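In case you want the letters, here they are:
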Amino acid sequence: MTATEARQSEGTAEATPVLTFEDVVLGFDGVTALNGVSFTVNAGELFAVIGPNGAGKTSIFNVLSGVYRPQQGTVRFGAEDLIGRRPHAIARLGVARTFQNIELFSNLTVLDNLMLGRHLHHPYGVLAAFAWLGKARRNELANRLAVEEIVDFLELAPWRRLPVGLLPYGIQKRVELGRALASEPKLLLLDEPVAGMNLEETEDMARFILDIRDELGLPMVMVEHDMGLVMDLADRIMVIDFGRPIRTGTPRQVATDPDVVRAYLGEEHRVTP
Ligand SMILES: Nc1ncnc2c1ncn2[C@@H]1O[C@H](COP(=O)(O)OP(=O)(O)OP(=O)(O)O)[C@@H](O)[C@H]1O
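Keep in mind that this is a model prediction, so the values were computed, not measured. (Residues numbered from 1 in each chain as written. Predicted model: local features only at pLDDT ≥ 70, side-chain atom pairs only at ≥ 80, totals over all residues.)

A. Structural detail: the overall build of the chain. Scanning the chain for helices and strands turns up 11 helices and 10 strands. For the chain, with 273 residues in total, the buried portion stands at 37%. Residue pairs in contact within the chain that sit at least 24 positions apart in sequence constitute 67% of those at least 6 positions apart. (Helix = DSSP H or I, 4+ residues; strand = E, 2+ residues; numbered from the N terminus. Buried ≥ 20, exposed ≤ 12 C-beta atoms within 10 Å, placed from the backbone. Contact = placed C-beta atoms within 7 Å.)

As structure tokens, then:
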């Protein structure tokens, strides 16, 4: 049994919630995007959210990152209540996000994009830089060292000095992941991390996601349409449909749940117990 299978059979990594999403209701002028969604994400856990188009997956991410404010419910990250906080304030608490569509500075190099990931969350102002030039230089050095560690971790060395816009799609997605890691997050939100990737790129990304969980111990919430990836990687999965959770459990529990099979997976994904 692999480490991942062992974790999946246990059901959760460690049952210490770092994120609690409770009874969240979000609507827009007659459309109910989330209709009483609750889940927890435990320390070190890779938690996946799946569901058909329009089910509410992106809305969950937008609530988590402060883009949408729900009408009802609570969202707690550690001791902090996230509802009502602006996106940059939530990012500063340690919640980092990657996007469905790559959002990088395509003219800048890999290293510079990763450095921006650090500066966004560990800024020192111009005045501070004058007043504390030595400190600023030390910060800069520490930032560069941290970025080089990410380059090693994500095997980005061959491209580190190239403009991101020139790189293959799969590498750009990897740089985006690196930029999220550069902010030293405490929770990582992955929005369709393998969308548009070929098989080799998908396998590489899967390996890095597992490394992030197993080596860095970083809890993650992942929205992804690639069912194979979700079933292989996730510790637990929440299936939603029409803004409501149908089932939350291990990949095996979810894949064998009749309601899930009926509503979403279809017979081809049924797992024989
Ligand atoms: N800003 C908005 N204004 C109005 N309706 C919205 C808004 N954002 C989301 N919705 C609606 O809320 C519902 C859930 O949308 P959401 O984007 O969260 O689904 P999804 O599961 O991420 O879908 P997909 O897999 O297609 O990305 C949909 O009916 C959508 O049209």
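From this point on, the discussion continues.
B. Main features of the nonpolar core. Membership of the largest hydrophobic core comes to 68 residues, with the highest contact counts inside it found for Ala 48, Leu 188, Leu 189 and Met 220. In terms of residue count, the dominant contributor to this core is helix H7 (residues 169-182) (6 residues). Leaving out residues up to four positions away in the same chain, Leu 189 has contacts with Phe 61, Leu 64, Ser 65, Val 95, Ala 96, Arg 97 and Val 221. (Core = buried A, V, L, I, M, F, W, Y, C linked by C-beta atoms within 7 Å.)

C. Seen up close, the site of the ligand. Residues in close proximity to the ligand include Phe 28, Val 31, Ala 33, Gly 51, Asn 53, Gly 54, Ala 55, Gly 56, Lys 57, Thr 58 and Ser 59, which together make up its full environment. When residues of the shell around the ligand are traced back to their parent elements, those giving at least two are strand E2 (31-42) and helix H2 (57-64). For the shell around the ligand, the element with the highest residue contribution is H2, accounting for 3 residues. Looking at side-chain class alone, the shell around the ligand contains 4 nonpolar, 6 polar and 1 charged residues. (Near = placed C-beta within 6 Å. Nonpolar A, V, L, I, M, F, W, Y, C, P; charged D, E, K, R; others polar.)

D. Representation of the packing of H7 against helix H8 (residues 199-216). Their axes nearest at 10 Å, the elements H7 and H8 cross at an angle of 15°. Considering their axes alone, H7 and H8 lie roughly parallel with respect to each other. Between H7 and H8 lies a crossing whose hand is right-handed. Where H7 abuts H8, its residues Gly 170, Lys 173, Arg 174 and Leu 177 lie against Glu 201, Asp 204, Met 205 and Phe 208. In terms of residue class, the contact of H7 with H8 is built from 3 nonpolar, 1 polar and 4 charged. (Axes fitted to C-alpha atoms, helices over the stretch in contact; angles between N-to-C directions. Parallel < 35°, antiparallel > 145°, perpendicular 65-115°, else oblique. Left-handed = near helix turned anticlockwise from the far one by under 90°.)

E. A look at H8. Here H8 spans 25 Å end to end across 18 residues, near enough to the 26 Å set by a 1.5 Å rise per residue. Among all positions of H8, only Met 205, Ile 209, Ile 212 and Arg 213 are buried. When H8 is viewed along its axis, its buried side chains cluster within an angular range of 90° and face the same direction. Seen from the open side of H8, the exposed residues pointing more than 90 degrees away from its buried face are Leu 199, Glu 200, Arg 207 and Glu 215. Within two residues after H8, Gly 217 carries a phi angle of roughly 65°, on the positive side. (Expected span 1.5 Å × (residues − 1). Arc of directions from axis to C-beta.)

F. Region of the structure containing the sheet that holds strand E1 (residues 17-28). Taken in spatial order, the 4 strands of this open sheet run E2-E1-E4-E5, and their pairing is antiparallel. Strands at the two margins of the open sheet, each flanked by one partner only, are E2 and strand E5 (80-81). Bridging between E1 and E2 involves 9 bridges; their strand directions are antiparallel. Looking at E2, one finds that Leu 26 is bridged to Leu 34. The sheet contacts of H2 involve E1, E2 and strand E4 (72-77), and relative to E2 the element is tilted by about 65°. (Pairing = 2+ DSSP bridges.)

G. Quick look at the environment of Arg 247. For Arg 247, the location among the structural elements is in strand E10 (residues 244-249). In the structure, Arg 247 is positioned 96 residues away from Val 151 in sequence and 38 Å away in space, judged by C-alpha atoms. Look past the residues within four positions of Arg 247 in its chain and what remains in contact with it is Val 239, Val 254, Asp 257, Asp 259 and Val 260.

H. Molecular detail of H7. For H7, built from 14 residues, the straight-helix expectation of 20 Å at 1.5 Å per residue is met to within 8% by its first-to-last C-alpha distance of 20 Å. Burial analysis of H7 places 11 of its 14 residues in the buried class, which makes it a mostly covered element. Turning to H7, its buried residues number three or more, namely Ile 171, Lys 173, Arg 174, Val 175, Glu 176, Leu 177, Gly 178, Arg 179, Ala 180, Leu 181 and Ala 182. Backbone geometry just downstream of H7 places Glu 184 in the positive-phi region, at approximately 50°.

I. Molecular detail of the sheet that holds strand E6 (residues 95-98). Spatially, E6-E7-E8-E3-E9-E10 is the arrangement adopted by the 6 strands of the open sheet, whose pairing is mixed. Here the strands that pair on one side only, and so sit at the sheet edges, are E6 and E10. Looking at each pair of strands side by side, their axes are set apart by 15° on average, direction ignored. Against the sheet, H7 touches E6 and strand E7 (187-191), its axis set at about 170° to E6.

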